[in-house]
Amino acid sequence: MSQTILVVDDEPQIVRLLKAYLEAAGFRVVTAADGYDALRVVRQESPDLIVLDLLMPRVDGLEFTRRLRRDHDTPIIMLTARVEETDRIVGLELGADDYVTKPFSPREIVARVRAVLRRTQSAPPPTPLLRVGDLSLDRSAHLVTRSGATVNLTPTEYALLETLMSAPGRVFSRAELLEAAQGVAFEAYERTVDAHIKNLRRKLEPEPAQPRYILTVRGVGYRLNPKPW
(Lines give C-alpha, C1' and ligand atoms only; values in the text may rest on other atoms or scores of the structure.)
Protein backbone atom coordinates (compact mmCIF):
# COMPACT_ATOMS: atom_id res chain seq x y z
CA MET A 1 0.00 0.00 0.00
CA SER A 2 1.35 3.43 -0.95
CA GLN A 3 2.42 5.80 1.77
CA THR A 4 0.33 8.97 2.01
CA ILE A 5 1.93 12.40 1.79
CA LEU A 6 0.00 15.55 2.69
CA VAL A 7 1.14 18.63 0.74
CA VAL A 8 0.05 21.93 2.31
CA ASP A 9 0.62 25.13 0.32
CA ASP A 10 -1.55 28.06 -0.76
CA GLU A 11 0.19 28.26 -4.17
CA PRO A 12 -1.70 25.90 -6.53
CA GLN A 13 1.22 25.56 -8.95
CA ILE A 14 3.52 24.32 -6.18
CA VAL A 15 0.88 21.86 -5.01
CA ARG A 16 0.44 20.52 -8.55
CA LEU A 17 4.21 20.24 -9.08
CA LEU A 18 4.87 18.38 -5.83
CA LYS A 19 1.82 16.16 -6.30
CA ALA A 20 3.04 15.13 -9.77
CA TYR A 21 6.57 14.33 -8.62
CA LEU A 22 5.53 12.51 -5.45
CA GLU A 23 2.92 10.44 -7.27
CA ALA A 24 5.50 9.58 -9.94
CA ALA A 25 7.71 8.36 -7.07
CA GLY A 26 4.95 6.00 -5.94
CA PHE A 27 3.34 7.98 -3.13
CA ARG A 28 -0.34 8.69 -2.58
CA VAL A 29 -0.79 12.46 -2.27
CA VAL A 30 -3.51 14.48 -0.55
CA THR A 31 -3.47 18.28 -0.42
CA ALA A 32 -4.64 21.30 1.54
CA ALA A 33 -4.43 25.04 0.84
CA ASP A 34 -3.76 26.21 4.41
CA GLY A 35 -3.17 24.95 7.92
CA TYR A 36 -6.85 25.02 8.84
CA ASP A 37 -7.82 22.65 6.03
CA ALA A 38 -4.69 20.58 6.68
CA LEU A 39 -5.76 19.80 10.26
CA ARG A 40 -9.02 18.40 8.89
CA VAL A 41 -7.16 16.33 6.28
CA VAL A 42 -4.84 14.92 8.97
CA ARG A 43 -7.86 13.67 10.92
CA GLN A 44 -9.39 12.10 7.81
CA GLU A 45 -6.31 10.67 6.07
CA SER A 46 -3.65 10.06 8.78
CA PRO A 47 -0.78 10.89 6.41
CA ASP A 48 2.64 9.29 6.81
CA LEU A 49 4.41 12.62 6.25
CA ILE A 50 3.51 16.28 5.72
CA VAL A 51 5.18 18.73 3.33
CA LEU A 52 4.20 22.09 4.78
CA ASP A 53 4.52 25.68 3.59
CA LEU A 54 5.43 28.22 6.27
CA LEU A 55 3.50 31.26 5.03
CA MET A 56 -0.21 30.62 4.46
CA PRO A 57 -3.53 32.37 5.16
CA ARG A 58 -5.76 31.59 8.13
CA VAL A 59 -3.58 29.06 9.95
CA ASP A 60 0.08 29.34 8.89
CA GLY A 61 2.71 26.62 8.98
CA LEU A 62 4.02 27.47 12.44
CA GLU A 63 0.58 27.50 14.04
CA PHE A 64 -0.34 24.27 12.22
CA THR A 65 2.79 22.58 13.56
CA ARG A 66 2.07 23.84 17.07
CA ARG A 67 -1.46 22.39 16.97
CA LEU A 68 -0.44 19.14 15.27
CA ARG A 69 2.26 18.36 17.83
CA ARG A 70 -0.32 18.33 20.63
CA ASP A 71 -1.58 14.94 19.42
CA HIS A 72 0.55 13.70 16.50
CA ASP A 73 4.22 12.96 15.79
CA THR A 74 3.76 12.83 12.01
CA PRO A 75 7.04 13.86 10.31
CA ILE A 76 7.01 17.38 8.82
CA ILE A 77 9.18 18.85 6.08
CA MET A 78 8.70 22.60 6.12
CA LEU A 79 8.90 24.79 3.00
CA THR A 80 9.88 28.40 3.50
CA ALA A 81 10.54 31.37 1.24
CA ARG A 82 12.12 33.19 4.18
CA VAL A 83 15.89 33.27 4.30
CA GLU A 84 16.27 34.34 7.95
CA GLU A 85 17.74 31.55 10.05
CA THR A 86 15.51 32.45 12.99
CA ASP A 87 12.35 31.64 11.01
CA ARG A 88 13.65 28.18 10.17
CA ILE A 89 14.82 27.55 13.72
CA VAL A 90 11.38 28.46 15.11
CA GLY A 91 9.81 25.83 12.85
CA LEU A 92 12.30 23.20 13.97
CA GLU A 93 11.79 24.08 17.62
CA LEU A 94 8.06 23.61 17.19
CA GLY A 95 8.68 20.08 15.93
CA ALA A 96 9.35 20.20 12.19
CA ASP A 97 11.78 17.48 11.13
CA ASP A 98 13.40 19.23 8.18
CA TYR A 99 13.08 22.35 6.05
CA VAL A 100 13.70 23.28 2.43
CA THR A 101 14.05 26.86 1.22
CA LYS A 102 12.12 28.08 -1.82
CA PRO A 103 12.84 27.95 -4.70
CA PHE A 104 13.53 24.23 -4.48
CA SER A 105 14.01 21.25 -6.74
CA PRO A 106 11.02 18.88 -6.61
CA ARG A 107 13.51 16.01 -6.90
CA GLU A 108 15.13 17.22 -3.68
CA ILE A 109 11.72 17.17 -1.96
CA VAL A 110 11.18 13.57 -3.09
CA ALA A 111 14.64 12.63 -1.79
CA ARG A 112 13.98 14.34 1.56
CA VAL A 113 10.60 12.61 1.87
CA ARG A 114 12.19 9.22 1.25
CA ALA A 115 15.00 9.92 3.72
CA VAL A 116 12.64 10.96 6.52
CA LEU A 117 10.30 8.02 5.93
CA ARG A 118 13.26 5.64 5.82
CA ARG A 119 14.46 6.60 9.27
CA THR A 120 11.02 6.90 10.88
CA GLN A 121 9.55 3.67 9.51
CA SER A 122 12.56 1.34 9.31
CA ALA A 123 12.63 -1.95 11.20
CA PRO A 124 13.98 -1.74 14.78
CA PRO A 125 17.61 -2.76 15.29
CA PRO A 126 18.41 -6.08 16.99
CA THR A 127 19.19 -4.55 20.42
CA PRO A 128 15.81 -3.14 21.45
CA LEU A 129 16.56 -1.37 24.74
CA LEU A 130 19.07 1.39 25.51
CA ARG A 131 19.60 2.69 29.04
CA VAL A 132 21.70 5.56 30.35
CA GLY A 133 21.05 6.47 33.97
CA ASP A 134 17.30 6.87 34.40
CA LEU A 135 16.86 7.41 30.66
CA SER A 136 15.52 4.50 28.57
CA LEU A 137 14.89 4.14 24.85
CA ASP A 138 12.89 1.12 23.71
CA ARG A 139 13.50 0.71 19.99
CA SER A 140 10.87 -2.00 19.54
CA ALA A 141 8.15 0.20 21.05
CA HIS A 142 9.64 3.47 19.76
CA LEU A 143 9.32 4.73 23.35
CA VAL A 144 11.49 7.01 25.47
CA THR A 145 11.10 7.28 29.24
CA ARG A 146 12.87 9.21 31.99
CA SER A 147 12.46 7.90 35.52
CA GLY A 148 9.61 5.76 34.17
CA ALA A 149 7.69 8.70 32.70
CA THR A 150 7.07 8.76 28.94
CA VAL A 151 8.84 11.52 27.00
CA ASN A 152 7.06 12.47 23.76
CA LEU A 153 9.57 13.17 20.97
CA THR A 154 9.27 14.03 17.31
CA PRO A 155 10.80 11.52 14.85
CA THR A 156 13.92 13.66 14.42
CA GLU A 157 14.37 14.15 18.17
CA TYR A 158 13.99 10.40 18.68
CA ALA A 159 16.57 9.62 15.98
CA LEU A 160 19.07 12.06 17.47
CA LEU A 161 18.62 10.68 20.98
CA GLU A 162 18.88 7.10 19.70
CA THR A 163 22.16 7.95 18.01
CA LEU A 164 23.58 9.59 21.13
CA MET A 165 22.41 6.76 23.40
CA SER A 166 23.91 4.13 21.11
CA ALA A 167 27.40 5.28 22.17
CA PRO A 168 27.34 7.14 25.52
CA GLY A 169 30.38 9.34 25.93
CA ARG A 170 31.22 9.43 22.23
CA VAL A 171 31.30 12.86 20.64
CA PHE A 172 29.11 13.11 17.52
CA SER A 173 29.63 15.98 15.11
CA ARG A 174 26.62 17.91 13.85
CA ALA A 175 27.13 16.35 10.42
CA GLU A 176 27.09 12.83 11.90
CA LEU A 177 23.93 13.56 13.86
CA LEU A 178 22.21 15.07 10.82
CA GLU A 179 23.18 12.08 8.71
CA ALA A 180 21.83 9.68 11.35
CA ALA A 181 18.61 11.63 11.81
CA GLN A 182 17.75 12.66 8.26
CA GLY A 183 19.90 10.68 5.89
CA VAL A 184 21.53 13.86 4.60
CA ALA A 185 24.52 15.89 5.81
CA PHE A 186 24.69 19.21 3.99
CA GLU A 187 26.80 21.83 5.73
CA ALA A 188 24.07 24.44 5.31
CA TYR A 189 21.71 22.35 7.42
CA GLU A 190 24.07 21.24 10.19
CA ARG A 191 23.09 24.09 12.50
CA THR A 192 19.50 22.82 12.52
CA VAL A 193 20.78 20.07 14.82
CA ASP A 194 21.21 22.73 17.51
CA ALA A 195 17.49 23.50 17.40
CA HIS A 196 16.58 19.81 17.80
CA ILE A 197 19.06 19.41 20.66
CA LYS A 198 17.48 22.43 22.34
CA ASN A 199 14.10 20.70 22.06
CA LEU A 200 15.51 17.46 23.47
CA ARG A 201 17.01 19.26 26.43
CA ARG A 202 13.75 21.02 27.13
CA LYS A 203 11.99 17.64 27.26
CA LEU A 204 14.69 15.60 29.03
CA GLU A 205 16.68 17.87 31.29
CA PRO A 206 15.49 18.92 34.76
CA GLU A 207 17.33 22.22 34.06
CA PRO A 208 17.74 22.67 30.28
CA ALA A 209 20.10 25.63 30.77
CA GLN A 210 22.43 23.35 32.75
CA PRO A 211 22.18 20.03 30.90
CA ARG A 212 23.39 16.83 32.51
CA TYR A 213 22.34 14.35 29.79
CA ILE A 214 23.25 15.93 26.44
CA LEU A 215 26.54 17.81 26.69
CA THR A 216 27.96 20.28 24.18
CA VAL A 217 31.50 19.76 22.93
CA ARG A 218 32.42 23.21 21.66
CA GLY A 219 33.49 23.36 18.06
CA VAL A 220 32.63 19.71 17.48
CA GLY A 221 29.10 18.61 18.41
CA TYR A 222 27.38 16.74 21.22
CA ARG A 223 27.75 13.68 23.42
CA LEU A 224 25.53 11.83 25.87
CA ASN A 225 26.84 11.86 29.41
CA PRO A 226 27.33 8.18 30.40
CA LYS A 227 26.91 9.11 34.09
CA PRO A 228 24.32 11.91 34.23
CA TRP A 229 24.35 12.17 38.03
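Being a predicted model, the structure only gives us computed values, none of them experimental.

Undergrad: Describe unusual backbone geometry, listing the residues and the values that go with them.
TA: In the segment running from Lys102 into Pro103, the intervening peptide bond is cis, with an omega of -5°. Structurally, the position occupied by Pro103 is in the loop between β5 (98-101) and α5 (106-121). Phi at Ser46 takes a positive value of approximately 45°, unusual for a residue other than glycine. By the element assignment, Ser46 lies in the loop between α2 (35-45) and β3 (49-53). The exposure class of Ser46 is exposed, given its relative accessible area of 55%. Even without being glycine, His142 reaches a positive phi, approximately 55°. Structurally, His142 is set in the loop between β7 (135-138) and β8 (143-146).

Undergrad: Kindly report on the packing of helix α6 (residues 155-166) against helix α8 (residues 192-204), identifying the contributing residues and their values.
TA: Between α6 and α8, whose axes approach to 10 Å, the crossing angle comes to 80°. In terms of axis orientation, α6 runs roughly perpendicular to α8. Contacts between α6 and α8 involve Thr156, Glu157, Leu160, Leu161 and Leu164 from the first element and His196, Ile197, Asn199, Leu200, Lys203 and Leu204 from the second.

Undergrad: An account of the pairing of β7 is needed here, citing residue identities and associated values.
TA: As judged from the four bridges shared by strand β6 (residues 129-132) and β7, these two strands associate in the antiparallel manner. Residue pairing for β7: Leu130 is matched across the bridge by Leu137. Bridge count between β7 and β8: four bridges; the pairing is antiparallel. Within β8, the residue paired with Leu135 across the bridge is Arg146.

Undergrad: Residues and numbers for the side chain of Thr163, please.
TA: Tracing the chain through its elements places Thr163 in helix α6. Looking at Thr163, the relative accessible area reads 14%, which means it is buried.

Undergrad: Summarise α6; cite the residues concerned and give the values.
TA: Between its first and last C-alpha atoms α6 spans 16 Å; for 12 residues at 1.5 Å apiece the expected length is 16 Å, and the two agree. Burial analysis of α6 places 11 of its 12 residues in the buried class, which makes it a mostly covered element. Along α6, the residues that are buried comprise Pro155, Thr156, Glu157, Tyr158, Ala159, Leu160, Leu161, Glu162, Thr163, Leu164 and Met165.

Undergrad: Could you give an account of the pattern of salt bridges, naming the residues involved and the relevant values?
TA: According to the stated counting rule, one finds 16 salt bridges in the structure shown. Its salt-bridge partner being Asp34, residue Arg58 comes within 3.0 Å of it at the nearest N-O pair. With Arg58 in the loop between β3 and α3 (61-68) and Asp34 in the loop between β2 (28-32) and α2, this pair connects stretches of sequence that are 24 residues apart. Overall, Asp34 belongs to the buried group, its relative accessible area being 6%. Between Glu108 and Arg112 there is a salt bridge, with its nearest N and O atoms 3.0 Å apart. Of this pair, Glu108 and Arg112 are both found in helix α5, four residues apart, which corresponds to roughly one turn of the helix. Note on Arg112: relative accessible area 2%, which makes it buried. If you follow the salt bridges from partner to partner, you end up with Asp9, Glu11, Asp53 and Lys102 in one network.

Undergrad: Which residues make up the nonpolar core, and what are the values?
TA: In terms of nonpolar packing, the biggest core is built from 25 residues, with Val144, Leu161, Leu164, Met165, Leu200, Ile214 and Leu224 touching the most fellow members. At the level of secondary structure, the elements contributing two or more residues to this core comprise β6, β7, α6, α7 (174-182), α8 and β12 (221-224). Top element by residues in this core is α6. It accounts for six residues. Discounting residues that sit within four places of it in the chain, Leu200 has contacts with Leu153, Glu157, Leu160, Leu161, Glu205 and Ile214.

Undergrad: Explain the sheet that holds strand β4 (residues 76-80) to me, using residue names and the numbers behind them.
TA: The strands that make up a sheet pair up through hydrogen bonds in the backbone, lying either parallel or antiparallel. Read from one edge to the other, the open sheet built from five strands follows the order β2-β1-β3-β4-β5, with strand pairing classed as parallel. The open sheet has two edge strands, β2 and β5, and neither has a second partner. With strand direction ignored, the average angle separating the axes of adjacent strands in the sheet is 20°. Here five bridges tie strand β1 (residues 4-8) to β2, and the two strands are oriented parallel to one another. Residue pairing for β2: Val7 is matched across the bridge by Thr31. Strand contacts of α2: β1, β2 and β3, with the helix running at about 145° to β2, the strand carrying the most contacts.

Basis of the calculations
Residues numbered from 1 in each chain as written. Predicted model: local features only at pLDDT ≥ 70, side-chain atom pairs only at ≥ 80, totals over all residues. Heavy atoms only, no water. Helix = DSSP H or I, 4+ residues; strand = E, 2+ residues; numbered from the N terminus. Buried < 20%, exposed > 50% of the residue type's maximum accessible area, 1.4 Å probe, protein only. Axes fitted to C-alpha atoms, helices over the stretch in contact; angles between N-to-C directions. Parallel < 35°, antiparallel > 145°, perpendicular 65-115°, else oblique. Contact = heavy atoms within 4.5 Å. Pairing = 2+ DSSP bridges. Expected span 1.5 Å × (residues − 1). Salt bridge = Lys/Arg side-chain N within 4 Å of Asp/Glu carboxyl O. Core = buried A, V, L, I, M, F, W, Y, C linked by side-chain atoms within 4.5 Å.

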